[in-house]
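Remarks on the overall topology
What follows is the residue order along each chain.
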Amino acid sequence: MDALLTALADPARRRLVELLAERPRSVGVLAQLAEARQPQTTKHLQTLERAGVVVSRRTGQRRIYALRPAALRELAAALIRLADTADQADGPHATYDRYGLSLRAERLAATEPGWADGRSFTFLRPLAGRPELVWRHMTEASLLARWWTPDDLHVSELVFEARPGGRILQEYRDAQDADGSDAVVGRAEGVVDEVRAHERLAYRLSPLLPDGGPAFTAHVGLALRPTGTGTDLDVHWRITDSAADAADFIAGIEIGFGQSLDKLAAIVAADSHATTDTDTTDTADTTDSHDTADTTDTTDSHDTADTADAAPDTRSMK
């Protein structure tokens, strides 16, 4: 496909393709219609032929060129596949477009410090795991790092001290930055306010602007409620201390934190399933062990009984 795209990149060659789409033509006629010199036209046609766009045949003193429609159809199909991939509903490009709309609206609103104070965001996620499991993923740094960023980022450094007054530090990079050579995308600092194990967690978190100042302070409360199928997680954000330059950050809260919670839901479901499988295996192992013990006891009892019965016979024989 690269050779085909290179061949079609030249406007003069595309003009020859248009002429050949109408009908096969000789080099001389093509040169006349394209208003070009014949040697130059010949070189362009040879490039198109090497790329598989056209074929040629010598007839007497003339060389006739014809278009290969299949080559163009293959290229069109490849381009359509690329477009369809980018056009997936709720895919990365759709998210990019949604963020763009939100970004424009927030930048228009960000006219002075405090412009976003009092803004709030609410999230609800039903999770397929017990509150104890969800709590671990919310408070243990190694588990928290697995989900606490949007899809296009990953946590590169994380401190989360799950106690009142505990320190929070979050640094994140591009998800495709495998070796950490690219620049840090963002950094946030905060403090834990409230900890009620398996029930409620509250903290304050401030993303930092490029100059090191806080973009805003997010007051975040997470409440866990056990259900028959797992846990309902309610999250409430409230914004204070918003800087005039905070628009880019606030525009991404609903989309970004929503993606983070979707990742948490998937991870908790997988971990809960793995835990259930382990419990089932442990129960099976215990049952097998119990059965073996019963069999052993029965065998020992039977052997003892046989020995006891044999002993009197031996004595009587004496």
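The structure displayed is predicted, hence computed values, not measured ones.

Regarding the overall build of the chain
Scanning the chain from terminus to terminus reveals ten helices and ten strands. Excluding contacts between residues fewer than 6 apart, the proportion of contacts in the chain whose partners are at least 24 apart in sequence is 51%. Surface exposure of the chain reaches about 18900 Å², of which carbon and sulfur atoms provide 52%.

Let's talk about the pattern of salt bridges
A full pass over the atoms with the stated rule returns 17 salt bridges. Between Arg-146 and Asp-271 there is a salt bridge, with the nearest N and O atoms lying 3.3 Å from each other. Placement of Arg-146 in the loop between helix H8 (141–144) and strand E5 (153–160) and of Asp-271 in helix H10 (residues 253–317) is noted, with a sequence separation of 125 residues between them. Using a relative accessible area of 40% as the deciding quantity, one classes Arg-146 as partly exposed. Two residues, Asp-232 and Arg-225, come together in a salt bridge whose shortest N-O distance is 3.6 Å. Connected via shared salt-bridge partners are Glu-194, Arg-196, Glu-199 and Arg-200.

Points about the packing of aromatic side chains
Within the structure shown, the criterion is met by five aromatic pairs. Taking 5.2 Å as the distance between ring centres and 65 degrees as the angle between the ring planes, the aromatic pair formed by Phe-123 and Phe-257 counts as edge-to-face. With Phe-123 in strand E4 (residues 120–127) and Phe-257 in helix H10, the pair connects residues that are 134 residues apart, well separated along the chain. For Phe-123, a relative accessible area of 6% corresponds to the buried category.

Structural notes on the confidence of the model for the chain
Summing up the model confidence of the chain, the mean pLDDT is 88 and the portion of residues at 70 or higher is 86%. In the model, residues 286–318 has pLDDT below 50 throughout and makes zero contacts with residues more than four positions away in sequence or in other chains.

Things to note about the sheet that holds strand E2 (residues 54–59)
Ordered by their spatial adjacency, three strands build an open sheet running E1-E3-E2, and the pairing between neighbours is antiparallel. Looking at which strands have only one partner, the edges of the open sheet turn out to be strand E1 (25–26) and E2. Direction of pairing for E1 relative to strand E3 (residues 62–67): antiparallel, over a ladder of two bridges. Residue pairing across strands places Ser-26 opposite Ile-64, the latter belonging to E3. Helix H2 (residues 11–22) contacts E1, E2 and E3 of the sheet and is inclined by roughly 90 degrees relative to E3.

With respect to the environment of Thr-149
Within the fold, Thr-149 resides in the loop between H8 and E5. By relative accessible area, which is 3% here, Thr-149 ends up buried. As for Thr-149 and Gly-256, which are separated by 107 residues in sequence, their C-alpha atoms are 7.1 Å apart. Contact partners of Thr-149, with chain neighbours within four places excluded, come to His-154, Val-155, Gln-170, Tyr-172, Ser-260 and Lys-263.

Comments concerning the environment of Thr-217
Here Thr-217 shows up in strand E9 (residues 217–226). Put simply, Thr-217 and Pro-207 are ten residues apart on the chain and 7.5 Å apart in space, counted from C-alpha to C-alpha. In terms of polar contacts, Thr-217 uses its side chain to reach the side chain of Ser-206, at 3.1 Å.

Regarding the sheet that holds strand E8 (residues 200–207)
Neighbouring strands of a sheet are bound in pairs by backbone hydrogen bonds; such pairs are parallel or else antiparallel. If you walk across this open sheet you meet the seven strands as E4-E10-E9-E8-E7-E6-E5, and the pairing is antiparallel. The sheet is open, and its two edges are formed by E4 and E5, each paired on a single side. Between one strand axis and the next, the sheet turns through 20 degrees on average, direction left out of account. Here E9 pairs with strand E10 (residues 231–240) via ten bridges, running antiparallel. Following the sheet pairing, Gly-221 is matched in E10 by His-236. Strands in contact with helix H7 (residues 131–139) are E4, E5, strand E7 (186–196), E8, E9 and E10; relative to E9, the strand with the most contacts, it is inclined by about 160 degrees.

The rules we used
- Residues numbered from 1 in each chain as written.
- Predicted model: local features only at pLDDT ≥ 70, side-chain atom pairs only at ≥ 80, totals over all residues.
- Heavy atoms only, no water.
- Helix = DSSP H or I, 4+ residues; strand = E, 2+ residues; numbered from the N terminus.
- Contact = heavy atoms within 4.5 Å.
- Areas by Shrake-Rupley, 256 points an atom, 1.4 Å probe, with all protein chains shown as cover.
- Salt bridge = Lys/Arg side-chain N within 4 Å of Asp/Glu carboxyl O.
- Buried < 20%, exposed > 50% of the residue type's maximum accessible area, 1.4 Å probe, protein only.
- Phe/Tyr/Trp six-rings, centres within 6.5 Å; stacked < 30°, edge-to-face > 60°.
- pLDDT = per-residue confidence, 0-100.
- Pairing = 2+ DSSP bridges.
- Axes fitted to C-alpha atoms, helices over the stretch in contact; angles between N-to-C directions.
- Polar contact = N/O pair within 3.5 Å; in protein donor to acceptor, adjacent residues only side chain to side chain.

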